[in-house]
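Next come the chains, spelled out residue by residue.
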Amino acid sequence: MPYVMVQIPKTPAPSSSAQRSVPTSADVARLAGVSRATVSYVLNNTSAVRISDPTRRRVHEAAKELGYVPHAAARSLRAGHSRLVLMPAPSIPVGPLYGQFINELQWALSRLDYTVVQYGTVGLHGDEAARAWAELRPVAVLVPGAGLGPQGVTVLKRSGARAVVTLGPESVEGAHALLMDHEAVGHCAGSHLFDRGRRRIGVVVPEEGGLESFSLPRLEGVRRALHGTDATVTELPLAYEEEAAARLAARWHELDLDGVFAYNDEYAMVLMRALQDQGLRIPEDAAVIGADDLMLGRLLRPRLSTVHIELPSGRDLAELVDRAVRTPGSAPETHKVLGATVVHRESS
């Protein structure tokens, strides 16, 4: 019986990089020529200990050279709580204004040594969503919009959250609250159209789900601005689609309106183009005003009148979170935010 000799190649030895252990703070300290405590003070941005700029640079350079990253879990154990700030991702369409606010907030919190995580909770609402957030053991939770109740706040606090902050139209028992008065936005828009001589005013109410907590207060704000006058208010349901705007524009003469608050700049742009396609002149036949003061509105012809909305400062909110984390037993704070002012341009 013939035999065949087969030479089995030797398995190559693991490379030095594969054998290399994860760098530690002790490695950083040796390379920088400082103590491990100094490494901890520098990389954790501890302000209580004074450390010279040259020493800080050496520590950061050594950490970068070794590829060292502080261990978040270990740091949480030392501090007695995490540095994770959880922000549930909005379940509703949000525009550039909100995105800019979130970016500023994340930057401000990172400067205070927190990590912001946006958490998607599709299909979860209210207290059920709060239980899902609590599983991550955040030190703080920032909840946009409505839906969270007192029971959800309790669940979060029992899981270790030192600060629960809501951003919406109403406060929630046990939570810090930033109250956003969307009625003021509608009141500004309605007053402006009335002052421009408009008496038959339409108000766009988006058909997209989840926007009711913004759109209905804005509608109410217009009604409040025109209460006791000879002006009328007509509610205009509208989906954010060209076809839907075209159908509404085709009924404009039948509706007999001479002005419209289009909820925000994005809906205003879609509706204004549809009205112009129907041959209506802006603002002669229909004055149009939006909200948010987006740059695109200034590029339209005619330029879009709008309500400029002043959101809370990301830095101020970050400081509120940090203050609540450091003093978890303090009474919840309530702040009214969301300033609104009209920016008059050619469309009205």
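Scope of this entry: the structure provided in the associated data block. Note that this is a predicted model, so its numbers are computed, not measured.

With 43 residues, the main nonpolar core has Val-85, Leu-109, Leu-142, Phe-261, Leu-317 and Val-321 as its most contacted residues. Leaving out residues up to four positions away in the same chain, Val-321 has contacts with Val-85, Leu-109, Ala-140, Leu-142, Ala-163 and Val-165. Counting 29 residues, the second largest nonpolar core, distinct from the first, contains Ala-244, Ala-262, Val-270 and Leu-275.

Within this structure, the stated rule accounts for two aromatic pairs. Between Tyr-240 and Tyr-267, the aromatic rings sit 5.0 Å apart at their centres with planes inclined by 55°, giving tilted as the arrangement. One end of the pair, Tyr-240, is in the loop between strand E7 (232-238) and helix H11 (242-250); the other, Tyr-267, is in helix H13 (residues 265-277), with 27 residues separating them in the sequence. For Tyr-240, a relative accessible area of 41% corresponds to the partly exposed category. For the ring pair Tyr-263 and Tyr-267, a centre distance of 5.6 Å and an interplane angle of 85° mean the geometry is edge-to-face. In this structure Tyr-263 comes out as buried when scored by relative accessible area, which is 7%. One aromatic cluster in this structure is built from Tyr-240, Tyr-263 and Tyr-267.

To continue, consider the sheet that holds strand E11 (residues 334-337). Spatial strand order, E2-E1-E3-E4-E5-E11: six strands in an open sheet with parallel pairing. Bordering the open sheet on either side are strand E2 (115-119) and E11, each of which pairs with just one other strand. Each adjacent strand pair in this sheet contributes to an overall mean axis angle of 15°, direction not counted.

Cis geometry is adopted by the peptide bond preceding Pro-283, which originates at Ile-282 and carries an omega value of 10°. Summarising the element assignment, Pro-283 is placed in the loop between H13 and strand E9 (287-289). Here the amide bond leading from Arg-301 into Pro-302 is cis, since omega sits at 0°, within 30 degrees of zero. Structurally, Pro-302 is set in the loop between helix H14 (295-299) and strand E10 (306-310).

Moving on, we get to the side chain of His-192. Within the fold, His-192 resides in helix H9 (residues 182-195). Exposure remark for His-192: the relative accessible area of 9% places this residue in the buried category. Discounting chain neighbours no more than four positions away, the residues touching His-192 are Ile-289, Ser-305, Val-342, His-344 and Ser-348.

Strand order in the open sheet made by the four strands is E7-E6-E8-E9, with parallel pairing throughout. Across the chains shown, the open sheet's two edge strands, defined by having one partner strand only, are E7 and E9. Neighbour to neighbour, the strand axes of the sheet diverge by 20° on average, direction disregarded. One ladder, built from seven bridges, connects strand E6 (residues 200-206) with E7; its direction is parallel. Within the sheet, the bridge partner assigned to Ile-201 lies in E7 and is Val-233. Packing against the sheet, H9 makes contact with E6, strand E8 (259-261) and E9, and its axis sits at approximately 165° to E8.

For H11, the complete set of buried residues consists of Ala-244, Ala-245, Leu-248 and Ala-249. Within H11, the buried residues cover an arc of 135° as seen down the axis, which keeps them to one side. Away from its buried face, by an angle of more than 90 degrees, H11 presents the exposed residues Glu-242, Glu-243, Arg-247 and Ala-250. Structurally, H11 contributes buried residues whose contacts are with E7, helix H12 (252-255) and H13.

By secondary structure assignment, the location of Leu-66 is in helix H4 (residues 53-66). Since its relative accessible area comes to 34%, Leu-66 is described here as partly exposed. With 42 residues separating them along the chain, Leu-66 and Thr-24 place their C-alpha atoms 8.9 Å apart. Setting aside residues no more than four positions away along its own chain, Leu-66 makes contact with Pro-23, Asp-27, Val-28 and Leu-31.

So, how was this worked out
Residues numbered from 1 in each chain as written. Predicted model: local features only at pLDDT ≥ 70, side-chain atom pairs only at ≥ 80, totals over all residues. Heavy atoms only, no water. Core = buried A, V, L, I, M, F, W, Y, C linked by side-chain atoms within 4.5 Å. Buried < 20%, exposed > 50% of the residue type's maximum accessible area, 1.4 Å probe, protein only. Contact = heavy atoms within 4.5 Å. Phe/Tyr/Trp six-rings, centres within 6.5 Å; stacked < 30°, edge-to-face > 60°. Helix = DSSP H or I, 4+ residues; strand = E, 2+ residues; numbered from the N terminus. Pairing = 2+ DSSP bridges. Axes fitted to C-alpha atoms, helices over the stretch in contact; angles between N-to-C directions. Arc of directions from axis to C-beta.

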